[in-house]
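# Summary of the model geometry
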Amino acid sequence: MKNFSLILGILLSIGLQAQEVRKQIKEGNKAFAERAFDEAEIKYREAAALAEEKDLSVSQYNLGDALYKQERYQEAIEAFELSLARTEDPARKAEIYHNLGNSYLKNEQLKEAIQAYKNALKHNPADEETRYNLAKALAEQKKQQEQQKQKGDSNQKEKQDQDQKQDNQDKNKNSDSQQNQDQKKDNQDKQDQKGENSDDQKSQEPQNQEGQNSEDQEQQGEQDSQQNPKEQQKQEQQKGGANGKESQAEKKAAQAEKEAAQQSRENIERLLQALQRAELETQARLQRKKMKAKPNPGSKDW
């Protein structure tokens, strides 16, 4: 009797629990029909908490629908997957896969949505709504692939343009750098050449100056020699001093020799002039004597 009473109590409890689950599902369906999806969600969750394993698929399926209507797609996916794991009915699985595909599609998981629709058609090939949704998902996938390809081509072209631009900038930068280096080298070469020319000019200026002075002195000496032998001698001495080829002693000796020669020439000239004057005076005296000795006709010699 005691065991019978216990079994009867369990059966009554299970029966009451199943009634409560059905009640909550019924109330949830009513709220769902009235578009009170949040209230429907609460009722379905209460039913899922009380439901046995065999009845859990229904409550989770309805919960997934309520969450989908509230645009809570990730939670709806989780509810549909729980419902799918607790049923073996092909028709039920086809419905769950259909709604699961819709949730994946809304959650922008296109690949998963296509696979869910294909699974739904495996369990119910005659479902035209699922077939339509699959075709729509495949078209969307193709569109995305084309967009990605175009975007990839655009990105590749943009990258190529950026790379080309960077290459041009690098080339211009290298060219400017090379030009700056060449310009710097040219300036340095010019500066070095200028320094060398300056050194050469400095080393040549005294010689040129000396040569020029020597030529000028020679010309001046030729002019002065026609006017004044002493001035010529002076210029020659200055020329000799400018050339700097003789020592001071040699200069003095040469000058003394020149002065002696000049003095000798002057003495000879003075001597010749004196002789000429003496000869002229002698000739004049002789002439006067001759004139006195000549008789004068018509005059008496007293």
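Read on for a plain summary of the structure. (Residues numbered from 1 in each chain as written. Predicted model: local features only at pLDDT ≥ 70, side-chain atom pairs only at ≥ 80, totals over all residues. Heavy atoms only, no water.)

### Quick look at the overall build of the protein
Scanning the protein for helices and strands turns up 9 helices and 0 strands. Listed N to C, the secondary structure of the protein is α-α-α-α-α-α-α-α-α in terms of helices and strands. Out of the 302 residues in the protein, the part that is buried amounts to 21%. Of the contacts formed within the protein by residues at least 6 apart in sequence, a portion of 44% connects residues at least 24 apart. Roughly 22900 Å² of accessible area belongs to the protein as shown, and the carbon and sulfur atoms make up 48% of that amount. (Helix = DSSP H or I, 4+ residues; strand = E, 2+ residues; numbered from the N terminus. Buried < 20%, exposed > 50% of the residue type's maximum accessible area, 1.4 Å probe, protein only. Contact = heavy atoms within 4.5 Å. Areas by Shrake-Rupley, 256 points an atom, 1.4 Å probe, with all protein chains shown as cover.)

### Overview of the packing of aromatic side chains
Throughout the structure, instances matching the rule amount to 3 aromatic pairs. Note on Phe32 and Phe37: the rings are 5.1 Å apart at their centroids and 70° apart in plane angle, and the pair reads as edge-to-face. It is Arg92 that lies over the ring of Tyr61; its NZ or CZ is 5.3 Å from the centre. (Phe/Tyr/Trp six-rings, centres within 6.5 Å; stacked < 30°, edge-to-face > 60°. Lys NZ or Arg CZ within 6 Å of the ring centre and 35° of its normal.)

### Focus on the pattern of salt bridges
Inspection of every chain in the model, using the stated rule, returns 11 salt bridges. The salt bridge involving Glu27 is made with Lys43; its shortest N-O contact spans 3.0 Å. In this pair, Glu27 sits in helix α1 (residues 2–33) while Lys43 sits in helix α2 (residues 37–50), placing the two residues 16 residues apart along the sequence. Accessibility expressed as a relative area gives 30% for Glu27, which makes it partly exposed. (Salt bridge = Lys/Arg side-chain N within 4 Å of Asp/Glu carboxyl O.)

### A few points about α2
Between its first and last C-alpha atoms α2 spans 20 Å; for 14 residues at 1.5 Å apiece the expected length is 20 Å, and the two agree. Every buried residue of α2 is accounted for by Phe37, Ala40, Glu41, Tyr44, Ala47 and Ala48. Angular distribution of buried residues about the axis of α2 spans 130°; they occupy a single face of the element. (Expected span 1.5 Å × (residues − 1). Arc of directions from axis to C-beta.)

### A few points about unusual backbone geometry
Although it is not a glycine, Glu71 adopts a positive phi angle of roughly 65°. With respect to the helices and strands, the residue Glu71 is situated in the loop between α3 (53–69) and α4 (73–85). Here Glu108, not a glycine, exhibits a phi torsion of approximately 60°, which is positive. Tracing the chain through its elements places Glu108 in the loop between α5 (90–106) and α6 (110–123). The exposure class assigned to Glu108 is exposed, which follows from its relative accessible area of 74%.

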